[in-house]
Amino acid sequence: MPRTTIADVAQAAGVSVSTVSRALRGLDRVSPETRERIEQEAKRLHFSFSKSASSLASGKTMRVAVLLPNEISSWFNAHARGIYEVMSKAGYDIVPYIVWTQDDLDAFFQNLPGNRNVDAVIEASFDFDEAKKQVLGDLTIPVVGMNAPSTHGLDAGVAIDDEASMATIVRFLKSLGHKTLAYIEQPINTTPFVCSDRLRKKGFSEASQACGYADEDIIVMPSLSHIDARSEQDIYSGIVAQLLSAPKQPTAICVSVDAVAAPLLKELRRMGWRVPQDVSLVGFDDDDTATALDLTTMHQDPAEIGRIAARKTLALLNGETLDEPFTVMPTSLVLRGTTERVS
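Residues numbered from 1 in each chain as written. Predicted model: local features only at pLDDT ≥ 70, side-chain atom pairs only at ≥ 80, totals over all residues. Heavy atoms only, no water.

**Student:** Looking at this structure, I do not really get the pairing of strand β5 (residues 156-160). What am I missing?
**Tutor:** For a regular strand, side chains alternate in direction, first toward one face of the sheet and then toward the other. With five of five residues buried, β5 is to be regarded as a mostly interior element. Of the two faces of β5, the one holding Ala156, Val158 and Ile160 and the one holding Gly157 and Ala159 are both buried throughout. With three bridges joining them, strand β4 (residues 143-146) and β5 adopt parallel strand pairing. Residue pairing in the sheet places Gly145 in a bridge with Gly157 of β5. Pairing geometry for β5 and strand β11 (residues 326-329), over four bridges, is parallel. Residue pairing in the sheet places Gly157 in a bridge with Phe326 of β11. (Buried < 20%, exposed > 50% of the residue type's maximum accessible area, 1.4 Å probe, protein only. Helix = DSSP H or I, 4+ residues; strand = E, 2+ residues; numbered from the N terminus. Pairing = 2+ DSSP bridges.)

Shown next as structure tokens:
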């Protein structure tokens with residue numbers, strides 16, 4: 001069966017080949033009625049206009065680079081799903097760049113200034129140094145951030161307030177009567193250039209001080225990236241052992257991400273701590289594990305953050321001026337079964 005050509009669409013719609021070309025590439029000088037008729041005939045005939053030919057004519061690649069930390073399948077990278085939902089409907093392809101190491105990030109930036117293969121860049125939660133921020137600021141394509149700690153180098157962005165959200169958790173635990181708090185960073189931090197954990201720890205420390213906790217009432221367990229070879233059980237056994245041997249054992253524990261809660265909860269119970277009777281536990285993100293664990297946690301919606309970032313990107317690609325270039329998304333504390341009032 002012969003392949004449908006642009007001439008077939010033109011004949012069916014009763015217009016010239018050049019009019020079909022302009023209509024399917026989204027160019028001007030085609031009336032809405034004619035464009036709709038051409039699109040209907042193209043769909044009926046299963047005609048797909050060459051994206052590469054459209055790119056040559058419009059000067060657009062119809063591709064957007066999305067810079068993501070760690071594995072693309074992780075819950076946090078639901079950002080990418082939200083971006084795809086919006087950008088694909090506008091005819092754009094998503095090109096993911098997954099970053100595991102500092103070398104990966106450096107390579108991306110080394111190639112970026114001379115790269116003409118994308119129309120925009122969307123990045124997720126990276127804490128760029130000044131040199132990389134300068135590279136972003138010098139680009140002539142839109143750069144949009146998601147949960148970025150700074151607006152420097154960005155044309156737009158959408159983020160939650162990690163510090164304020166963690167402060168809400170601290171005040172909540174204070175209201176329950178907890179006298180001693182602990183904060184657990186991600187035990188193995190494979191991406192030190194991602195900002196969320198640092199901001200959440202900062203929010204915890206500042207809110208604890210503001211709530212009147214003394215230094216001896218606060219325990220902060222740092223990342224243990226230098227002991228990657230140890231098993232997960234060894235790492236969490238070490239964390240719980242340090243909590244048990246502290247001069248003041250915590251009555252409430254905050255974790256930087258929900259993924260930390262499951263192995264920590266298992267180890268706490270193995271060592272005889274009852275949750276929440278002996279110690280309350282609060283997560284952050286409200287990912288899939290939080291529901292399974294009945295975990296009190298701070299809720300955010302990464303997919304919606306991705307959608308908003310994509311809408312801002314589309315608007316900038318269309319030459320629009322954003323009424324709100326930088327948007328702060330609300331979070332909400334979800335109360336479940338791992339916290340209770342101190343008796």
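Don't stop here, the text continues.
**Student:** How should I be thinking about the environment of Phe126 in this particular structure?
**Tutor:** Counting through the fold element by element, Phe126 comes out in the loop between β3 (120-124) and α7 (130-138). Between the alpha carbons of Phe126 and Ala148 there is a distance of 6.0 Å; along the sequence they are 22 residues apart.

**Student:** Where do I start with the packing of aromatic side chains in this structure?
**Tutor:** We describe a pair of aromatic rings using the distance from one ring centre to the other and the angle between the two ring planes. Going through the model one piece at a time under the given rule, you end up with five aromatic pairs. Ring-pair connections join several aromatic residues into one group, and the members of that group are Tyr97, Phe108, Phe109, Phe126 and Phe128. The residue whose ring lies beneath Lys132 is Phe109, and the NZ or CZ to ring-centre distance is 5.8 Å. One residue, Lys174, lies across the ring of Tyr213, its end atom 4.8 Å from the ring centre. (Phe/Tyr/Trp six-rings, centres within 6.5 Å; stacked < 30°, edge-to-face > 60°. Lys NZ or Arg CZ within 6 Å of the ring centre and 35° of its normal.)

**Student:** Please clarify how the sheet that holds strand β12 (residues 332-334) should be interpreted in this entry.
**Tutor:** Strand pairs in the sheet, formed through backbone hydrogen bonds, run parallel or antiparallel to each other. Taken in spatial order, the six strands make up an open sheet running β7-β6-β8-β9-β10-β12, and their pairing is mixed. The sheet is open, and its two borders are formed by β7 (218-221) and β12, each paired with just one other strand. On average, each strand axis in the sheet is inclined to that of its neighbour by 20 degrees, with strand direction left out of account. With four bridges connecting them, strand β9 (residues 280-285) and strand β10 (residues 296-299) associate as parallel partners. Paired with Asp285 across the strands is His299, a residue of β10. Together, β6 (181-184), β7 and β8 (252-255) form the strand contacts of helix α10 (residues 232-244), whose direction differs from that of β7 by roughly 165 degrees. Its contacts with the sheet place helix α11 (residues 258-270) against β6, β8, β9 and β10, and it is angled at close to 160 degrees to β9. (Axes fitted to C-alpha atoms, helices over the stretch in contact; angles between N-to-C directions. Contact = heavy atoms within 4.5 Å.)

**Student:** Is there a simple way to explain helix α8 (residues 162-175) in this structure?
**Tutor:** Here α8 is 14 residues long and its end C-alpha atoms lie 20 Å apart, about the 20 Å a rise of 1.5 Å per residue gives. All buried positions along α8 are accounted for by Asp162, Ser165, Met166, Ala167, Ile169, Val170, Phe172 and Leu173. By the N-cap criterion, in which a side-chain oxygen at the helix start approaches the backbone nitrogen of a residue two or three places on, α8 is capped by Asp161, the distance to Glu163 being 3.3 Å. Gly177 sits one or two positions beyond α8 and adopts a positive phi of about 95 degrees. (Expected span 1.5 Å × (residues − 1). Polar contact = N/O pair within 3.5 Å; in protein donor to acceptor, adjacent residues only side chain to side chain.)

**Student:** Quick question: what am I supposed to make of the packing of helix α1 (residues 6-13) against helix α2 (residues 17-24) here?
**Tutor:** Any two packed helices are characterised by how steeply their axes cross, that is the angle between the axes, and by the distance between the axes. Taken N-terminus to C-terminus, the directions of α1 and α2 make an angle of 100 degrees; their axes are 8 Å apart at the nearest point. Judged on the interaxial angle alone, α2 and α1 are roughly perpendicular. Seen from α1, the contacting residues are Ile6, Ala7, Val9 and Ala10; seen from α2, they are Val17, Val20 and Ser21. (Parallel < 35°, antiparallel > 145°, perpendicular 65-115°, else oblique.)

**Student:** I tried to follow the sheet that holds β5 on my own but got confused; where do I start?
**Tutor:** Taken in spatial order, the six strands line up as β2-β1-β3-β4-β5-β11 in an open sheet, and their pairing is parallel. Both edges of this open sheet fall to β2 (93-99) and β11, since each of them pairs with a single strand only. Direction aside, neighbouring strands of the sheet carry axes that sit 15 degrees apart on average. Two elements, strand β1 (residues 63-69) and β2, share seven bridges in a ladder whose sense is parallel. Within β2, the position partnered with Ala65 by the bridge is Val95.

**Student:** Can you walk me through the pairing of β6 in this structure?
**Tutor:** Every second residue of β6 is oriented toward a common face, with Leu181 and Tyr183 on one face and Ala182 and Ile184 on the other, all of them buried. Inspection of the sheet shows β6 paired to β7 by four bridges, in the parallel sense. Across the sheet, Ile184 pairs through a bridge with Met221, a residue of β7. Here β6 pairs with β8 via four bridges, running parallel. By the bridge assignment, Ala182 is partnered in β8 with Ile253.

**Student:** Honestly, the side chain of Thr180 in this entry has me stumped. Any pointers?
**Tutor:** By secondary structure assignment, the location of Thr180 is in the loop between α8 and β6. Ignoring anything within four residues of it in the chain, the contact list for Thr180 reads Tyr213, Asp217, Lys248, Gln249, Pro250, Thr251 and Ala252.

**Student:** I'm lost on unusual backbone geometry in this one. Help?
**Tutor:** Negative phi is the rule for most residues except glycine; trans is the rule for most peptide bonds. Residue Pro276 is reached from Val275 by a cis peptide bond, and omega for that bond is 10 degrees. With respect to the helices, strands and loops of the structure, Pro276 is situated in the loop between α11 and β9. A positive phi angle, close to 125 degrees, is found at Asp285, a residue other than glycine. Mapping Asp285 onto the fold places it in strand β9. Phi is positive for Asp294, close to 55 degrees, though the residue is something other than glycine. The residue Asp294 is located in the loop between α12 (288-293) and β10 in this model. Relative accessible area serves as the criterion here: at 40%, Asp294 is assigned to the partly exposed category.

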